[in-house]
Amino acid sequence: MTTTSLTAWLEALGLGEHAEALQAARIDLATLPRLTESRLDALGVPADHRQHLLAAIAALGQPAAAPNPHRSQHRIIDLLQSGRVQAALGLLTRFDYWMSRLQTLQDPEGVRGITRDWAATLAAHPDIDPRARLWETFWRAHEPFLRRGDARWPAYKILLQRAMEHGDDSPVTREAEAWLAQGQCDWLWLRNPRRPARRLATPGLRVLKGHTGEVNGAQRLPDGRVLSWSDDGTLRLWNGTDGAPLATLSGHTAAVTGVRRLPDGRLLSWSRDRTLRLWDGQDDTPRLTLSGHTGWVNGARRLPDGRLLSWSTDGTLRLWDGASGTALATLAGHTATIDGVLVLSDGRFLSWSTDRTLCLREGASGSLLATLVGHTRKVTGARVLTDGRLLSWSRDGTLRLWDGQTGAPLAILSGHTRQVSGALGLTDGRVLSWSDDHSLRLWDGQTGALMAVLTGHTRPITGAQVLPNGHLLSWSGDGTLRLWDGRTGAALATLTGHPSEVKGAQILPDGPLLSWSRDGTLRQWDGQSGAPLASRAEPSVRVRGARVLPDGRLLSWSRDHSLQLWESPIGAPLATLAGDHSEGGQAQVSPDGRILAWSTDNTLSLWDGHTGRPLATLVGHRLPVTGAQILADGRLLSWSSDGTLRLWDGQTGAALVTLVGHARTVTGALELPDGRLLSWSRDRTLRLWDGRTGAPLAILAGHTQQVTGAQVLPDGRLLSWSNDHSLRLWDGHTGAPLATLVGHANALNGAHVLADGRLLSWSWDRTLRLWDGQTGAPRTTLVGHTAVVWGARQLADGRVLSWSDDRTLRLWDGETGAPLATLAGHSALVWGAQQLSDGRLLSWSLDRTLRLWDGQSGASLGEPIAEEHLPWSHPSLLLQRNAAPSPCHPGRHTAPWSVADTGGIATDRGAIAPVCWQGHSPLVARGLLNAGILVVTPRRGHVVCLQLYRGAQRITVEELAQQA
């Protein structure tokens, strides 16, 4: 072992001061076992250190007997207590020290111990230099990932991955590269080779993890604590300074959708479990449960007299005693979901609903005073203007003015062509509105006359506000903000830089504008000119919402179940990777290693899977891409919500032809054996196209609702199915209708051709049906499932296996359709199933388990297998589940996998443990290339090509199997 290894090992034990003496005596890790207490005494090692060192030497060959896990922490504290802050920083800014410490100490104490040491060091010396700051922010930002470490994939392996991916100029990355070059890594691991060129410090990013569902909102309480609420049914309290968890408020049984702090400090929460709850605001003590609503509670607020008012999807409002929680009154009147309520200055309140109306009520009794009728679609919002009149807006594209006393209609503000998303009353009496039609509009607040149309955005506008200087600021799903002259509506500036939807914006106390986008980028702009001032990107954060706190910090929450506290919203620019920020991504891997990815940003991307290098961005669709595939000749086919399909050159990404004809979203397409293309759509039709020219050949019309799927039968006929409850057979050459298969009582989920030519279909009506494959005549109905049937397949002996939302699988006689067995055991809907090579059945479910069943009797075989354990405990099952021939799965002995935020490679050869990679958000493993490249798509939609290594050397899938 190297001298550096000995030094790092001693430092991890808290005995680094003796490294020089041992090195001078030519002692290394190989000769340590020959050391005696007398020899250490002669080298000047104190008695207590001798005892600790000899115990650690003895433990070198006994991994279970690790040194005292607190000793190295005490060493940092000793340095700080003796005033040697720089020495403590010297240890905490060394990669080999981190690695040795994490390898020596059991997880997660090693991680937590280093975190505590950083906190103590910063408390003693908060003004550290920029280089040390980068080490500290790296540790703080990556600590949540390191704490995922366990015996199967320890924290030190995660640390190596994260350090190697940090940045070209990062000292953490450079030291990790040097550590690798010394030959100290002997394990298999994966890394993303694409990393930022520059990685400057990100002061003050603290990640608050604990929720297990998406965070729906957060706020800062008056005492500085942070309160959050989530889809996981809990509220959580956090320390507002360091983000430490303080309390978990459990009780709701479904998503918590809102919280309000009451004047006495109590917290009022409401949920999709149909209840409201009152909590002691100081801890997790529940006070009261307010039950009565029969639908989701959409909101609540405290009235001036202390009573509580709530509203629900059940179409009612309810009044409650604010002290006891006693139900006081149920206020009926709306006939559908109530979406919001305003309390007027005189105590009356105004509610609005999906039923297209608003209701004005007396404040004391809640009695109905007036119903405001006029909107023709759902009312999406309302506000009170300064003169007391009421303004509402709707999905019908209009705003309406109403008399604030009587509710009488005063004016209709017409002009928007899609739903109105929001509106403001300006100080001069005018009204500003914004819409999904990409425009804002200024209206005369008295007459409702249109004064100006503000156009420029290219996607729905998600928000707007008036700035102190009178300018208007808007932001949009197109990734831009825009400044407008508040008087004329003239465009002043376009603020570009965000790569995805801008989620919000706010003016800071000193004048600049701060905006944040879904991809985790914060940007600061000059409030007058809109010029960019600074940005910060944190790719681990997919912002769902944010708010600027009174002390200038930013609190954000994201879809990865975490919250983030930013010490300062201003930061230096960070490099981001081009093409990495599309939303809702899908991907397909070609046999030659190209990757085709598509997303809701209307584009497709073509990548070199071997290098991870983007080859082309395919631009042309006007609405989100709903699917794509690589054709047999290498060209690319895509289809979209814009009703078109497009053909692209598979090498350059150049546009070749646009297939125009469908009138609504194209939901699927496939290439026929003769090269023609078949597509189907929400416009209720299927279409045949010439595969070379894109020319239309035939329209297959007949379905009366959207077509949800189609396939080619062995004899060339086409089979389609639809939400109209029917299947249809078509001539594969002419597209002429041949037969309509009627019998299901709800939408079809799929169909399959059996070995003897009969057709099997399954439906939302809870049944499967067998049909004559030639005539389409019904044969038999398979009845037994008690919920939606999600899928079915024919087994090798002709029996049929189906699975359902009712948590069961069922075996059926393939000839008669008679039920043979019910396979019960899953605790949530069953997603899929497969027959293994030995005849057993394997199923997987939303309960995140897999189950094995006897292929003949359907009897359960053993305990369920947790999805997260499958790569380790049953790699052969993983391989069989992925057994379909595909470029994604080269060879028979390896398979890609992904569970939650972790992806990897598993093999059933020898004793090689699965290889892991830790991502920022839930991953989907898309393919494994022979070159040892795992293709994954995180939830944010971009493509990541992970390279397989043993130590510092790249290896291929074949070499991985051989090394077993």
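This text follows the structure it describes.
Below: a short report on this structure. Computed from a prediction, not measured in an experiment: that's the story for all the values here. Starting afresh in each chain, residues are numbered from 1 along the sequence in its written order. Residues qualify for local features only when their pLDDT is at least 70, as the model is predicted, and side-chain atom pairs are given and counted only at 80 or more; totals for whole chains, interfaces and linings, by contrast, use all residues. Excluding hydrogens and water, the side-chain values take into account all heavy atoms of the structure.

1. Regarding the overall build of the chain
Turning to step 1, where the next piece is worked out: The helix and strand tally for the chain stands at 14 helices and 72 strands.
Turning to step 2, where the next piece is worked out: A burial count over the chain gives 56% of its 964 residues as buried.
Turning to step 3, where the next piece is worked out: If you take every contact in the chain between residues at least 6 apart in sequence, the share linking residues at least 24 apart comes to 41%.
Turning to step 4, where the next piece is worked out: For the chain, the accessible surface area stands at approximately 38000 Å², while carbon and sulfur atoms represent 49% of it. Segments assigned H or I by DSSP are reported as helices when at least four residues long, segments assigned E as strands when at least two residues long, and all are numbered from the N terminus. Throughout this description, buried means an accessible area under 20% of the type-specific maximum (1.4 Å probe, protein chains only), exposed means over 50%, and partly exposed covers the range between. Contact between two residues is taken to exist if any of their heavy atoms lie within 4.5 Å; hydrogens are not considered. Using a 1.4 Å probe, accessible areas were evaluated by the Shrake-Rupley method; residue-level cover was limited to the displayed protein chains.

2. Points about the side chain of aspartate 436
Turning to step 1, where the next piece is worked out: With respect to the helices and strands, aspartate 436 occurs in the loop between strand 24 (431-435) and strand 25 (440-443).
Turning to step 2, where the next piece is worked out: The charged-residue count follows a simple rule in which Lys and Arg add positive charge and Asp and Glu add negative charge, with His and chain termini not counted at all. We count a salt bridge whenever a side-chain nitrogen from Lys or Arg sits within 4 Å of a carboxyl oxygen from Asp or Glu. Arginine 418 provides the closest opposite charge to the buried, salt-bridge-free aspartate 436, at an N-O distance of 4.9 Å.
Turning to step 3, where the next piece is worked out: Looking at aspartate 436, its side chain comes within polar contact range of the side chain of serine 421, at 3.1 Å.
Turning to step 4, where the next piece is worked out: If sequence neighbours within four positions are ignored, aspartate 436 has contacts with Arg418, Gln419, Ser421 and Pro460. Contacts described as polar in this section are N or O atom pairs within 3.5 Å, which, within protein, must combine one atom able to donate a hydrogen with one able to accept it, while residues neighboring in sequence count only if both atoms come from side chains.

3. Some details on the packing of aromatic side chains
A ring pair, where both rings are aromatic, is described by two values, the distance of the centres and the angle of the planes.
Turning to step 1, where the next piece is worked out: Only centres within 6.5 Å qualify two rings of Phe, Tyr or Trp (six-membered ring in Trp) as a pair; their planes then separate them into stacked at under 30 degrees, edge-to-face at over 60, and tilted for everything else. Enumeration according to the criterion identifies 10 aromatic pairs in this entry.
Turning to step 2, where the next piece is worked out: One aromatic cluster is present, formed by Phe95, Tyr156, Trp179 and Trp187 through successive ring pairs.
Turning to step 3, where the next piece is worked out: For arginine 152, the ring lying beneath its charged end belongs to tryptophan 872, and the centroid distance is 4.2 Å.
Turning to step 4, where the next piece is worked out: Note that lysine 157 overlies the ring of tryptophan 153, its terminal NZ or CZ placed 4.7 Å from the centroid. Two conditions define a charge located above a ring, namely a distance within 6 Å from the ring centre to NZ of Lys or CZ of Arg, and an angle within 35 degrees of the ring normal.

4. Some thoughts on the pattern of salt bridges
Turning to step 1, where the next piece is worked out: Per the stated rule, a full pass over the model turns up 27 salt bridges.
Turning to step 2, where the next piece is worked out: Among the salt bridges present, the one from lysine 378 reaches aspartate 339, with a minimum N-O distance of 3.8 Å. Placement of the pair is lysine 378 in the loop between strand 18 (368-372) and strand 19 (379-384) and aspartate 339 in strand 15 (residues 338-343), with a sequence separation of 39 residues.
Turning to step 3, where the next piece is worked out: One continuous salt-bridge network, built from bridges that share partners, spans Arg133, Glu136 and Arg140.

5. Concerning helix 7 (residues 95-104)
Turning to step 1, where the next piece is worked out: Of all 10 residues in helix 7, 9 are buried; the element is thus mostly enclosed.
Turning to step 2, where the next piece is worked out: Taken together, the buried positions of helix 7 are occupied by Phe95, Asp96, Tyr97, Trp98, Met99, Ser100, Arg101, Leu102 and Thr104.

6. Digging into the sheet that holds strand 39 (residues 594-598)
Turning to step 1, where the next piece is worked out: Pairing within the open sheet is antiparallel, and its 4 strands lie in the order 38-39-40-41. Unpaired on one side and paired on the other, strand 38 (586-589) and strand 41 (613-618) mark the two borders of the sheet. With strand direction ignored, the average angle separating the axes of adjacent strands in the sheet is 20 degrees.
Turning to step 2, where the next piece is worked out: DSSP-based pairing: two strands are paired if at least 2 bridges between them are found. Examined bridge by bridge, strand 39 and strand 40 (residues 604-608) share 5 bridges and lie antiparallel to one another. What sits directly across from leucine 596, in strand 40, is leucine 606. Axis angles are defined between N-to-C directions and span 0 to 180 degrees, where every axis is a line fitted to C-alpha atoms and, for a helix, only to the segment in contact.

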